[in-house]
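Summary of the model geometry
Chain residues, written in single-letter form:
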Amino acid sequence: ALVDDLLDLARIESGRLDTGRDPGVQARLCLVRADASRLAGLHERAQQLYLRVRHWAMSQGDTAMLSAMAHNRSSGQVDRLGLLDALGDRREDEARRALLEAESCSQLDLGMGNEGLVAMPPVMRARLFTVLQRWGEAVQLYDAALEQAAGCGMAGQVPHMGLNRAWCHWHLGDRQHAEQ
């Protein structure tokens, strides 16, 4: 069994899904591999793996997997663009495309009746508005998300959202709210 598990892992490592066994497990492992590739900075490789996961999820009607993949991919884009912006490399065209992806995540979940990640796309949009220097729009989204975050499993992100909201207030010249 251990050898089979190692062989399965090798297949996932090479990016091939073994649908002859348990395709759901294989696709989920491929999603983990895609996320790990993204975190390692291998964005092109991650994109290829996300596309494989999406193809499998769509062919199987696995909407939960499709939603997870869309959120993971979009969140990764937002993280990357935020980091590049912080390092002085603002990518406005990519940020505008990423806004469309975040909205697509919202629409996908709305269409599926999935409320588990309802607060995540507005936070991703707020972060992208920050990259685009649309401070007022970002503040509005952060205000709404902060109220919702603790109740839907995002309590750990509340301090980060508050810091980002303060940054936006600072750029708007509202030092009083920035310091709260």
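Heads up: these notes are all about the structure in this document.

This part takes up the nonpolar core. Counting residues in each nonpolar core, the largest one holds 26 residues, and the members touching the most others are Ala 95, Leu 128, Tyr 142, Met 154, Met 161 and Cys 168. Looking at this core, the elements with two or more residues in it are helix 4 (63-86), helix 5 (92-112), helix 6 (120-131), helix 7 (135-149) and helix 8 (158-171). Here the element with the most residues in this core is helix 7; it accounts for 8 residues. Leave out the neighbours within four places in its chain, and Met 161 touches Val 123, Tyr 142, Ala 145, Leu 146, Ala 149 and Met 154. Formed by 13 residues, the second largest nonpolar core is a distinct cluster that contains Leu 31, Ala 34, Ala 46 and Met 69.

This next bit is on the packing of helix 5 against helix 6. In contact at an axis separation of 9 Å, helix 5 and helix 6 are set at 170° when each is read in the N-to-C sense. Between helix 5 and helix 6, the angle falls in the class roughly antiparallel. Touching Ala 95, Ala 98, Leu 99, Ala 102, Glu 103, Cys 105 and Ser 106 of helix 5 are Pro 121, Met 124, Arg 125, Leu 128, Phe 129 and Val 131, all from helix 6. In the contact of helix 5 with helix 6, the residues fall into 10 nonpolar, 1 polar and 2 charged.

Taking 1.5 Å as the rise per residue, helix 3 (residues 43-60) with 18 residues should run 26 Å; its terminal C-alpha atoms sit 26 Å apart, in good agreement. Of the residues making up helix 3, those classed as buried are Ala 46, Leu 49, Tyr 50, Val 53, Trp 56 and Ala 57. The buried residues of helix 3 occupy an angular sector of 125° when projected down its axis, which confines them to one face. Opposite its buried face, helix 3 presents the exposed residues Glu 44, His 55 and Met 58, each directed more than 90 degrees away.

Here the focus is the side chain of Ser 74. Looking at where Ser 74 falls in the secondary structure, it is placed in helix 4. With residues up to four places along the chain from it excluded, the contact list for Ser 74 reads Ala 98, Glu 101, Ala 102, Cys 105 and Met 124.

Of note in the backbone geometry, Gln 133 takes a positive phi value of approximately 60° without being a glycine. Here Gln 133 is to be found in the loop between helix 6 and helix 7.

Following the criterion strictly, the structure yields 1 aromatic pair and no others. Centroid distance Trp 167 to Trp 170: 5.7 Å. Interplanar angle 15°. Geometry classified as stacked. Here the residue Trp 167 and the residue Trp 170 both occupy positions in helix 8, the gap between them amounting to 3 residues, near one helical turn.

As a packed pair, helix 7 and helix 8 sit with axes 9 Å apart at the nearest point and diverge in direction by 155°. Here helix 8 runs roughly antiparallel to helix 7, going by the angle between their axes. Remark: the crossing between helix 7 and helix 8 carries left-handed chirality. For the pair formed by helix 7 and helix 8, the contact residues are Trp 135, Ala 138, Val 139, Tyr 142, Asp 143, Ala 145, Leu 146 and Ala 149 on the first element and Val 158, Met 161, Gly 162, Asn 164, Arg 165, Trp 167, Cys 168, His 169 and His 171 on the second. Here the contact of helix 7 with helix 8 is built from residues that sort into 11 nonpolar, 4 polar and 2 charged.

The subject of this paragraph is the pattern of salt bridges. Inspection of every chain in the model, using the stated rule, returns 12 salt bridges. Of the charged contacts in the structure, one is a salt bridge between Glu 94 and Arg 80, with a shortest N-O distance of 2.2 Å. In this pair, Glu 94 is assigned in helix 5 and Arg 80 in helix 4, connecting sequence segments 14 residues apart. For the pair formed by Glu 94 and Arg 80, the shared burial category is buried. For the salt bridge of Asp 143 with Arg 165, the shortest nitrogen-to-oxygen distance reads 2.8 Å. Remark: Arg 165 occurs in helix 8 and Asp 143 occurs in helix 7; sequence separation between them is 22 residues. A residue is classified by how much of its surface remains accessible, and Arg 165, at 26% relative accessible area, is partly exposed.

Reading the values: rules and limits
- Residues numbered from 1 in each chain as written.
- Predicted model: local features only at pLDDT ≥ 70, side-chain atom pairs only at ≥ 80, totals over all residues.
- Heavy atoms only, no water.
- Core = buried A, V, L, I, M, F, W, Y, C linked by side-chain atoms within 4.5 Å.
- Buried < 20%, exposed > 50% of the residue type's maximum accessible area, 1.4 Å probe, protein only.
- Helix = DSSP H or I, 4+ residues; strand = E, 2+ residues; numbered from the N terminus.
- Contact = heavy atoms within 4.5 Å.
- Axes fitted to C-alpha atoms, helices over the stretch in contact; angles between N-to-C directions.
- Parallel < 35°, antiparallel > 145°, perpendicular 65-115°, else oblique.
- Nonpolar A, V, L, I, M, F, W, Y, C, P; charged D, E, K, R; others polar.
- Expected span 1.5 Å × (residues − 1).
- Arc of directions from axis to C-beta.
- Phe/Tyr/Trp six-rings, centres within 6.5 Å; stacked < 30°, edge-to-face > 60°.
- Left-handed = near helix turned anticlockwise from the far one by under 90°.
- Salt bridge = Lys/Arg side-chain N within 4 Å of Asp/Glu carboxyl O.

Note that every value here comes from positions in space, so none of it alone points to a role or purpose.
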